[in-house]
Amino acid sequence: MQKPTVENLDTLEPNTWCKGCGNFGLLRALKATLAELEVPKEQYFLVTGIGCHGKLYNYVDVNGFHGIHGRTLPLATGVKLTNHELTVICAAGDGDQYDEGLGHLPHAARRNIDIKLFTHDNKVYGLTTGQTAPTAIQGYRSKTTLHGAPSPRLEPLKIALASNASFVARGWVGDLEHLKGLMKAAIQHRGFALLDIFQVCFTFNREQTFQFYRDRVYKLEDEGHDSSDLHQAWTRAQEWGDRIPIGLFYQENRPIYRDSLPQLKKEALIKQPLAPKGLEKLLKEFM
Ligand SMILES: Cc1ncc(C[n+]2csc(CCOP(=O)(O)OP(=O)(O)O)c2C)c(N)n1
Ligand code: SF4
Ligand SMILES: [Mg+2]
């Protein structure tokens, strides 16, 4: 087993993100986080969706799977339930997770599957060259909403809170130390964690820029927020406008999905003998 370091997490893959993309900071924060934790390199498993964010898979030298659009959560769930010794992290896009993959979010949250969901929330479809994403601010102009996005934005933190997520947080790529702290807390949390990350898409979103966030974000911890209080979390999650909160909105400790399944409680499934009773009889029914 190897201790991860920022250097040995590097890959030889040439980076194709645009110059100035917020993904660079996110990648830096992620590598620094993994290097600081005690988890061996071989025990990380990174699942990515399809989009610019998905290329993260190529730039971090850990085990993983570059999956299909919108399906990071079911894939990660399967991996975690099969081998719960792995630390499973999803890197998803806002289009990927909150449009095509939205249906998976409430279920992973309510079941408290012990996986970590980091969303690259740039409020646009980056890879497909700039269509309006579900988290785009109402009025946002793009090639698919020439006159401005007509509908209110989708609010992922509220969806997660309403789905009984046990860890809900938001960070941004303009404060990497803070983001690193949130990544660390999410990975160390026992249960499902959503960390929504404002990731600036310099090329296609000229509205939610670094300056946009710099002028608005404030840290919950600077204002005495109590992250064990669901009502406070809900109230803070409503805030949007001149002031936008980042930090840990909510965290609770409650049993994870595996705790209530006797067959998964003991050893990882992958270590158990593959001899389920009655398998042959069952297979014959399909022949
Ligand atoms: C099943 C499926 N549907 C649609 C697409 C096309 N597609 C590829 S990436 C993408 C959107 C990417 O946007 P986002 O998830 O926000 O990622 P970003 O590029 O911004 O990181 C879409 C719609 C696809 N590849 N597969
Ligand atoms: S299109 Fe946007 S999200 Fe994609 S690499 Fe370029 S700046 Fe980054
Ligand atoms: Mg996006």
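Further up the page is the structure itself.
Residues numbered from 1 in each chain as written. Chains lettered and ligands numbered in written order. Predicted model: local features only at pLDDT ≥ 70, side-chain atom pairs only at ≥ 80, totals over all residues. Heavy atoms only, no water.

**Description of the layout of surface pockets**
In this structure, the largest pocket occupies an estimated 200 Å³ of space. In terms of lining, the largest pocket is formed by 18 residues, of which the most central are Ile50, Gly51, Tyr125, Gly126 and Leu127. Mapped onto the lining of the largest pocket, the elements with two or more residues apiece are helix H4 (94–100) and strand S5 (124–125). Residue contributions to the lining of the largest pocket peak at three residues, all from H4. (1 Å grid on protein atoms, 1.4 Å probe; cavity = no way out; pocket = protein on both sides within 12 Å on 5 of 7 lines; lining within 4 Å. Points joined across faces, edges and corners; volume = space filled by probe spheres on them. Helix = DSSP H or I, 4+ residues; strand = E, 2+ residues; numbered from the N terminus.)

**What about the coordination of the magnesium ion (ligand 3)?**
Every protein donor of the magnesium ion (ligand 3) is listed here as Asp94 (OD), Asn122 (OD1) and Val124 (O), and their distances to the metal cover 2.0 to 2.2 Å. All donors of the magnesium ion (ligand 3) belong to a single chain; written as a sequence motif, their spacing is D-x27-N-x1-V. With Asp94 in helix H4 and Asn122 in the loop between strand S4 (116–121) and S5, the pair connects residues that are 28 residues apart, well separated along the chain. (Donors = N, O, S within 2.8 Å, 3.2 Å for Na, K, Ca; no water.)

**As for the site of ligand 2**
Around ligand 2 lies a shell formed by Trp17, Cys18, Cys21, Cys52, Asn122, Gly126, Gln199, Cys201, Phe202, Thr203 and Phe204. Residue composition of the shell around ligand 2, by class: seven nonpolar, four polar and no charged. (Near = heavy atom within 4 Å. Nonpolar A, V, L, I, M, F, W, Y, C, P; charged D, E, K, R; others polar.)

**Focus on the side chain of Ser142**
In this fold, Ser142 is placed in the loop between strand S6 (131–132) and helix H6 (156–162). Residue class for Ser142 comes out buried when judged on its relative accessible area of 11%. Within the local environment of Ser142, its side chain forms a polar contact with the side chain of Thr144, the two groups lying 3.1 Å apart. If we skip the residues at most four places from it in the chain, Ser142 touches Gly130, Gln131 and Thr132. (Buried < 20%, exposed > 50% of the residue type's maximum accessible area, 1.4 Å probe, protein only. Polar contact = N/O pair within 3.5 Å; in protein donor to acceptor, adjacent residues only side chain to side chain. Contact = heavy atoms within 4.5 Å.)

What is shown is where atoms sit, not what they do.
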